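A structural walkthrough
If you want the building blocks of each chain, they are given just below.
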Number of protein chains: 2
Amino acid sequence: MQQIDIAIVGYGTVGNAVAKILEEEKQLLTQKAGYKINLKKVYTRNWNKHFKYPLKENQKAKSLEEILNDQDIKIVVELTGGIDFPLELFKKCILKKKHIVTANKALLAEKGKEIFQLAEQNNIRIGFEAAVAGGIPIIRALREGLVANKIKNIYGILNGTTNFILTKMYTEKKAFNEVLKEAQEKGYAEADPTLDINGIDAAHKIAILASLAFGGFLDFSNVYTEGINGIEKLDIELGKELGYTLKLLAIAKSHNDEVEVRVHPTFLPQSNPLSSVNGVFNAVLIEGNHVGETMFYGKGAGGEPTASAVISDIVDIGKSIVLNTGRNIEITSMNWKHKDLSLKKVEDFYTRYYIRFTVPDVIGILSKIATVFAKYEISIAAVIQKEKVIELYDKSIEKTVPLVILTHTASENNIQKAIKDIENQKLTKSKTIIIRVEDPE
Amino acid sequence: MQQIDIAIVGYGTVGNAVAKILEEEKQLLTQKAGYKINLKKVYTRNWNKHFKYPLKENQKAKSLEEILNDQDIKIVVELTGGIDFPLELFKKCILKKKHIVTANKALLAEKGKEIFQLAEQNNIRIGFEAAVAGGIPIIRALREGLVANKIKNIYGILNGTTNFILTKMYTEKKAFNEVLKEAQEKGYAEADPTLDINGIDAAHKIAILASLAFGGFLDFSNVYTEGINGIEKLDIELGKELGYTLKLLAIAKSHNDEVEVRVHPTFLPQSNPLSSVNGVFNAVLIEGNHVGETMFYGKGAGGEPTASAVISDIVDIGKSIVLNTGRNIEITSMNWKHKDLSLKKVEDFYTRYYIRFTVPDVIGILSKIATVFAKYEISIAAVIQKEKVIELYDKSIEKTVPLVILTHTASENNIQKAIKDIENQKLTKSKTIIIRVEDPE
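Note that the coordinates shown come from a computational prediction; the quantities given were computed from them, not determined experimentally.

How each quantity is defined
Residues numbered from 1 in each chain as written. Chains lettered and ligands numbered in written order. Predicted model: local features only at pLDDT ≥ 70, side-chain atom pairs only at ≥ 80, totals over all residues. Core = buried A, V, L, I, M, F, W, Y, C linked by C-beta atoms within 7 Å. Buried ≥ 20, exposed ≤ 12 C-beta atoms within 10 Å, placed from the backbone. Contact = placed C-beta atoms within 7 Å. Helix = DSSP H or I, 4+ residues; strand = E, 2+ residues; numbered from the N terminus. Nonpolar A, V, L, I, M, F, W, Y, C, P; charged D, E, K, R; others polar. Pairing = 2+ DSSP bridges. Expected span 1.5 Å × (residues − 1). Axes fitted to C-alpha atoms, helices over the stretch in contact; angles between N-to-C directions. Domains from an automatic or database assignment.

It is characteristic of soluble globular proteins that their nonpolar side chains tend to be buried jointly. Counting 281 residues, the largest nonpolar core has Val77 and Ile206 of chain A together with Val77 and Ile206 of chain B as the members making the most contacts within it. Setting aside chain neighbours within four positions, we find valine 77 of chain A in contact with Ile6, Ala7, Ile8, Val9, Val18, Val101, Val310 and Ile314 of chain A.

In structure tokens:
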């Protein structure tokens, strides 16, 4: 029986889980794949660390070159994180004709065009099932299972840390900082959770899905991203009262000539299936023009779920080597055309809005604010009166009350103008809170 | 650019949708696949029917032989339904070296062993993504995406008609017959909905998933199947009170040497993600030993969702022809070992139970029933008292009240013995209602 030699670069939580599963499920994998997968070498910069899953001495590479120069190694699994180091590694692997499997969403989202074009020129395949939504086989679903569809919309809960925090805030009425601390203690949030909290991690993932779904590269630096820091429990409570759950939602929509890609805290109707995706779970809802609405749900992070995805790519690429298929027509590239996608600008977004003003407790304010909304052609769907919400309200802003307006679909541009107008008129006494609402009318 | 000629046999709703999408999405599919798909011929026994999607005259085959003898046609899409005719067609296609794509779950569940063995001997691939859960790419997920996992459990809502009926009964408190009639009028249920209602359709689908997940063939005639006819709205209401939703659940579990496969009405806790799968939607929850819990959700039937799955298989098989991969190691066969799976017997099932007795309205009955339960080592988790439930109760059984017992995990064998004992003691006045509960303790 044929054997495919592979190597892992980066031996953290996911690397350890990949090694463990390759060893423990050796028989199962050989049966399913039809050939043997042999973990020949592992490289890490720090062999002195304690490892959950121990390796044989001869599996430990002393240098990266030991792997790159080993012609038997056909697949390199990159699990290092960051951008500069893995980018160099990818280039070296590609020139050495080694296929790559990666979980590195940052690298693919920010340097995808460079990497995929170089890979394609060299007939090298890059497997990245593990880069988006961990164990959920969403890349395969999008590329193969839904191949007959034009993808219209993608909505994803793609970051487990922020979903854990928002779920806790919703169910236990706790404040952001309190829950973040709890998440760090439980290991659900990193010591430095910046990329999770500020939405960048989710933005990396939705950028990859958008590229794949809409067939082109996009300029990641222009993807609109807003995180969950600053979210107050008052707004989560008020949203609940209106029938909404707050999620850090990653959204990709296809328009005629443009694509709309954005990540921000979003109110979803409680009846939306994504509303009940709780804790560290991830989910992706995809709308195709023929299949309709489909949803994929599972663990988006963690050693074993991510390793499950990494191994599915190893098996797949290994198979193409064994079968000698040469270049697997479309699979090298993230997409089938090397076009650049045009990103819709923030000010051109159309959606619904939840807006909370902090207003003086005097008669006539609502009418003044409503007048401004009318001026900018923003239609109001609901208003929450002050009386209901005083319980959780910040008492330090004296003699004010919160006033919440839920709009019908409006343009971001008009919303921003209206709020500026209202603030210029000094109708508000504190920062206006704006949360977008995804709720088709 | 290379072209793959295909043919469709059977030109109903799904066939029309396949032809339509192949034509309308020609450009997209060619870009994604890397080769052209050409619908060369279609065969149906009745060309006089009205078709939603019209064909060119030269696409209409006058006989099946016209397709079978055409050496250019590499893939035959079987969309006829039934068992005998497609079985013969499959055999002929395999001997003529034509690959097959099918949506026929009955055929695969009942004759899978014969078909897949013959196909494998002849290096023929059979695509059956459309046979289970329509547009949801569950076959691909199970075979490729989750390849690194031993599958522990599968729970599926696999029949849209019955899920539509149960959803309506739950939300609108209507009776079974009333909702069935409505479903037929709306086209959500066939004129003859027998295979849906009695659970056979769901059983066909879970049998296919179990074969794939657990790697072996199983004897379909021994799969335990119970339908939803006879479900009373009273039990749906009582379940709701206890925190459960009633679903026609298809279950496959892996034990050491045996597999447990069963389809029956099942109470699920309202917090289970499958509980909120409503209407004609399907969902499949899979537990793998590494990936944990994943769920896949979408439309399980209908022309376009099913056609979306059919076309994903055409693209995939076409690609293996273009790339000349020869036999795609594991993909021909439903599983990788030609072993027979051993099915757990009904009496050996262990689960929780909802049991409704119809008892005389006298003191002491509960204590007598509880004594019998204790004798058979069945532990009671909850009891619903008669007072709460009288509203929906069948008034014709005079001077009786319903008594509901929810058990902890118990063996089917002991449950059946206990009920027999209770009925022999004439403690009940009408048929005992038994509904299994899936709720891990």
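Text resumes after the structure shown.
What follows covers the interface of chain B and chain A. Every contact between the two is made by 49 residues of chain B and, on the other side, 49 residues of chain A. Where the side of chain B that touches chain A is concerned, the elements lending two or more residues are helix 2 (26-33), helix 6 (138-145), strand 11 (292-299) and helix 12 (303-322) of chain B. Per-element accounting of the side of chain B that touches chain A gives the leading share, nine residues, to helix 12 of chain B. Residue composition of the side of chain B that touches chain A, by class: 21 nonpolar, 16 polar and 12 charged. Sheet analysis places strand 11 (residues 292-299) of chain A next to strand 11 of chain B, joined by three bridges and oriented antiparallel. Counterpart to tyrosine 297 of chain A in the pairing with strand 11 of chain B is methionine 295 of chain B.

Turning our eyes to something else, we now look at helix 1 (residues 13-24) of chain A. Residue and element names in this part refer to chain A. Helix length check: helix 1, at 12 residues, gives a terminal C-alpha distance of 16 Å against a target of 16 Å (1.5 Å per residue), a fit within 8%. Those residues of helix 1 lying buried are Val14, Gly15, Asn16, Ala17, Val18, Ala19, Ile21 and Leu22. Among the structural elements, strand 1 (3-9), helix 2 (26-33), strand 2 (36-43), strand 3 (73-78) and helix 12 (303-322) are those in contact with the buried residues of helix 1.

Further remarks concern the sheet that holds strand 5 (residues 126-127) of chain A. Backbone hydrogen bonds hold the strands of a sheet together, and the pairing may be parallel or antiparallel. Residues and elements named next belong to chain A. The strand order 2-1-3-4-5 describes an open sheet built from five strands, whose pairing is parallel. Strands with a single pairing partner mark the edges of an open sheet, and in this sheet they are strand 2 and strand 5. Strand direction decides the pairing type here: strand 1 and strand 2, joined by seven bridges, are parallel. Along strand 2, the bridge assignment pairs isoleucine 4 with isoleucine 37. The strands touched by helix 4 (residues 84-95) within the sheet are strand 1, strand 3 and strand 4 (99-102), with strand 3 carrying the most contacts at an inclination of about 170 degrees. Lying over the sheet, helix 12 contacts strand 1, strand 2, strand 3, strand 4 and strand 5, oriented at roughly 160 degrees with respect to strand 3.

What follows covers the domain arrangement of chain A. All names here are of chain A. Split into domains, chain A comes out as domain 1 (3-137 + 303-322), domain 2 (138-299) and domain 3 (347-437). With 17 residues of domain 1 at the interface, the matching set in domain 2 holds 19 residues. Looking at the side of domain 1 that touches domain 2, the element that brings in the most residues is helix 5 (residues 105-121), giving seven residues. A class-by-class count of the residues in the side of domain 1 that touches domain 2 yields 10 nonpolar, three polar and four charged.

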